[in-house]
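For reference, the chains in residue letters:
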Amino acid sequence: MGTFGPRNDIVPQSEGGLQNGISIDRIYGSGQLAVGDIDADGDVDVVASIYEYVSTPISNFESIYTTQRRISWYENDGTGQFESHDVEVVVGENLGLTHSIAKELELVDLDGDGGLDILAGFFYEHEVSWYRNIDGAGSFSSREVILRTEYRPSDTNFADMDGDGQMDVVISTARATDERSYYAEGEITWHSLNGEGVFEQRGVITDEILGVRSVTLADMNQDGRIDVLATTRYLPPDTRVDWSDQRIRIIEQNADGTFAQPRLIAETRHTVASEVAVADLDFDGDLDILIASDVYNDELFIFRQRVVGDANDDGVFDSSDLVLVFQSGEYEDGDRENSTFSEGDWNGDLEFTTADLVLAFQVGNFSQNAVANQTQREDPMLVDIASALERDEKKFRAALAPERRSWLS
């Protein structure tokens with residue numbers, strides 16, 4: 001790996017850039033950036049959402065200031081010099097600068113013609129739109145609306161959701177149920193281009209999650225279909241403290257293109273995710289989750305994907321895992337949020353309860369062969385417990401009655 005040179009500012013603030021900076025524009029402020037080869041000439045260009053003040057002199061001593069927002073792209077000439085091209089400019093005296101710019105900005109080929117289009121989410125306009133790269137060389141259409149709603153878009157993302165080779169758009173929206181805008185009802189929907197080149201809503205992925213902050217798209221269970229990870233900033237409406245919890249849920253896509261019920265997979269305390277990424281971080285063949293938090297705790301969190309129930313991390317959920325988690329002594333122990341994955345918390349709520357065991361057996365990972373191969377030091381009651389849970393949760397609870405746990409000692 002080589003060393004890094006001094007920072008080069010592409011768009012510094014109007015007060016001036018660094019001495020070593022290369023300025024390609026002078027503005028009041030910028031919102032979002034995205035990079036890609038917009039004009040298909042082999043180098044990397046830049047697109048930005050921008051807000052600024054525009055000064056118009058009316059005399060030698062006086063000027064009129066108006067606010068302006070724009071989306072512009074910056075053409076790289078191949079040597080790192082940039083030329084500005086406006087995609088959209090909106091001017092107005094009462095234009096709220098920070099509120100009106102695009103809060104989400106992506107470069108993606110949405111219409112399948114090989115050119116990078118612009119996907120933009122306007123939070124305070126309750127709108128997600130796109131700008132078509134008409135000629136594949138940076139000539140953009142006017143704004144075309146994908147979704148306009150009473151809810152505010154909190155995130156946008158894109159993937160081929162139905163496997164037809166065309167990029168689709170997934171949008172999360174939220175509406176405040178009270179003055180605390182981050183505790184909000186809303187929905188996650190997905191949209192695709194119809195035969196007339198217009199985006200239409202294909203379906204509601206879920207409307208059962210409060211406070212959705214971001215959506216990440218990936219095939220998390222490796223079944224060939226795109227699933228949805230939703231992060232939420234959760235704060236019950238009767239809470240009056242200035243912190244919240246981060247919850248991560250997975251919404252798996254079914255074989256028929258519908259989506260399963262959201263399932264809680266992880267939770268962190270006093271954090272809010274600013275960025276979420278997925279990758280195989282431990283080289284075990286599945287996707288893990290990486291979260292960056294920028295509120296309350298400036299931390300990075302990694303959530304490894306493991307077999308549900310596999311407390312000892314040997315790749316199999318079997319009776320040895322049941323022995324391990326019950327020996328931890330935290331099963332419904334009354335202590336709040338004191339359990340880890342290796343101690344029985346398999347649904348991400350920081351507790352070891354029957355709900356974790358129900359989830360583990362519902363997923364279908366339990367190895368009956370592994371039970372049969374256990375040594376005699378482990379009581380056959382383990383087999384009864386597994387069978388009872390698969391048949392009936394009430395019978396399972398009876399199997400776990402304190403007087404029947406001699407196999408733990």
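Only a predicted model underlies this, so the values are computations on that prediction, with no experimental measurement involved.

Quick word on the overall build of the protein chain
No. 1: The helix and strand inventory of the protein chain stands at six helices and 19 strands.
No. 2: Sorting the 409 residues of the protein chain into buried and exposed places 45% on the buried side.
No. 3: Of all intrachain contacts in the protein chain linking residues separated by at least 6 positions in sequence, the fraction that spans at least 24 positions is 42%.

As for the nonpolar core
No. 1: Core analysis: the biggest nonpolar cluster contains 15 residues, and Met161, Val170, Ile188, Ile205 and Val228 have the highest contact counts within it.
No. 2: Of the residues forming this core, the biggest block, three residues, is contributed by strand β13 (residues 212–218).
No. 3: Sequence-distant contacts of Val228, defined by excluding residues within four places in its chain, comprise Met161, Ile205, Val215, Thr216, Leu217, Arg249, Ile250, Ile251 and Phe259.

Digging into the pattern of salt bridges
No. 1: Taken as a whole and assessed by the stated rule, the structure comprises 14 salt bridges.
No. 2: One salt bridge connects Asp162 with Arg202, and the closest N-O pair in it is separated by 3.0 Å. With Asp162 in the loop between β9 (152–159) and β10 (168–176) and Arg202 in strand β12 (residues 199–206), this residue pair connects regions lying 40 residues apart in the sequence.
No. 3: Since its relative accessible area comes to 31%, Asp162 is described here as partly exposed.
No. 4: The exposure class of Arg202 is partly exposed, given its relative accessible area of 43%.
No. 5: Shared partners join several salt bridges into a network, and the residues in it are Arg69, Glu88, Glu125, Glu127, Arg143 and Arg148.

Considering the packing of aromatic side chains
No. 1: Counting across every chain of the model gives six aromatic pairs.
No. 2: Where Phe326 meets Tyr331, the ring centres are 5.3 Å apart and the plane angle is 55°; that geometry is what we call tilted.
No. 3: A relative accessible area of 7% means that Phe326 is categorised as buried.
No. 4: Classification of Tyr331 by relative accessible area gives buried; the value is 11%.
No. 5: Ring centres of Trp346 and Phe352 lie 6.3 Å apart, and the angle between their planes is 50°; this geometry places the pair in the tilted category.

Let's talk about the side chain of Asp286
No. 1: Among the secondary structure elements, Asp286 is positioned in the loop between β17 (272–279) and β18 (288–295).
No. 2: Although Asp286 lies buried, it forms no salt bridge, and the closest oppositely charged side chain, Arg304, sits 7.1 Å away as judged by the N-O distance.
No. 3: The contacts of Asp286, once residues within four sequence positions are left out, are Gln222, Ala279, Asp280 and Gln305.

Focus: the side chain of Ser172
No. 1: Here Ser172 lies in strand β10.
No. 2: At 2.7 Å, the side chain of Ser172 forms a polar contact with the side chain of Ser154.
No. 3: Residues within four places of Ser172 in sequence aside, it is in contact with Arg152, Pro153, Ser154, Asp155, Glu187, Ile188, Val212 and Val215.

Brief notes about the sheet that holds strand β5 (residues 104–108)
Pairing between the strands of a sheet comes from backbone hydrogen bonds, and it takes one of two forms, parallel or antiparallel.
No. 1: Taken in spatial order, the four strands line up as β5-β6-β7-β8 in an open sheet, and their pairing is antiparallel. In this open sheet, the two edge strands, each paired with only one partner strand, are β5 and β8 (144–148). For this sheet, the mean inter-axis angle between neighbouring strands, taken without regard to orientation, is 20°.
No. 2: Relative to strand β6 (residues 117–122), β5 is paired through five bridges, and the arrangement is antiparallel. Looking at β6, one finds that Leu105 is bridged to Ala120.

Considerations on the confidence of the model for the protein chain
No. 1: Averaged over the protein chain, the pLDDT score is 77; the fraction of residues at 70 or greater is 70%.
No. 2: Ranking the elements of the protein chain by mean pLDDT puts helix α4 (residues 368–372) last with 47 and strand β7 (residues 127–131) first with 95.
No. 3: Note that pLDDT drops below 50 for residues 239–243; the model gives that stretch ten contacts with residues more than four away or on any other chain.
No. 4: Considering only residues more than four positions removed or in separate chains, one finds that residues 403–409, a stretch of pLDDT under 50, has 16 contacts.

Some words on the environment of Gln362
No. 1: Its place among the elements puts Gln362 in helix α3 (residues 354–363).
No. 2: As for Gln362 and Val308, which are separated by 54 residues in sequence, their C-alpha atoms are 9.8 Å apart.

Re unusual backbone geometry
No. 1: Phi is positive for Gln222, which is not a glycine, with a value near 60°.
No. 2: In the Ramachandran plot, Phe283 falls in the positive-phi region, its phi being about 55° despite a non-glycine side chain.
No. 3: Mapping Phe283 onto the fold places it in the loop between β17 and β18.
No. 4: Its relative accessible area of 76% is what places Phe283 among the exposed residues.

Conventions we followed
Residues numbered from 1 in each chain as written. Predicted model: local features only at pLDDT ≥ 70, side-chain atom pairs only at ≥ 80, totals over all residues. Heavy atoms only, no water. Helix = DSSP H or I, 4+ residues; strand = E, 2+ residues; numbered from the N terminus. Buried < 20%, exposed > 50% of the residue type's maximum accessible area, 1.4 Å probe, protein only. Contact = heavy atoms within 4.5 Å. Core = buried A, V, L, I, M, F, W, Y, C linked by side-chain atoms within 4.5 Å. Salt bridge = Lys/Arg side-chain N within 4 Å of Asp/Glu carboxyl O. Phe/Tyr/Trp six-rings, centres within 6.5 Å; stacked < 30°, edge-to-face > 60°. Lys, Arg positive; Asp, Glu negative; His and termini not counted. Polar contact = N/O pair within 3.5 Å; in protein donor to acceptor, adjacent residues only side chain to side chain. Pairing = 2+ DSSP bridges. Axes fitted to C-alpha atoms, helices over the stretch in contact; angles between N-to-C directions. pLDDT = per-residue confidence, 0-100.

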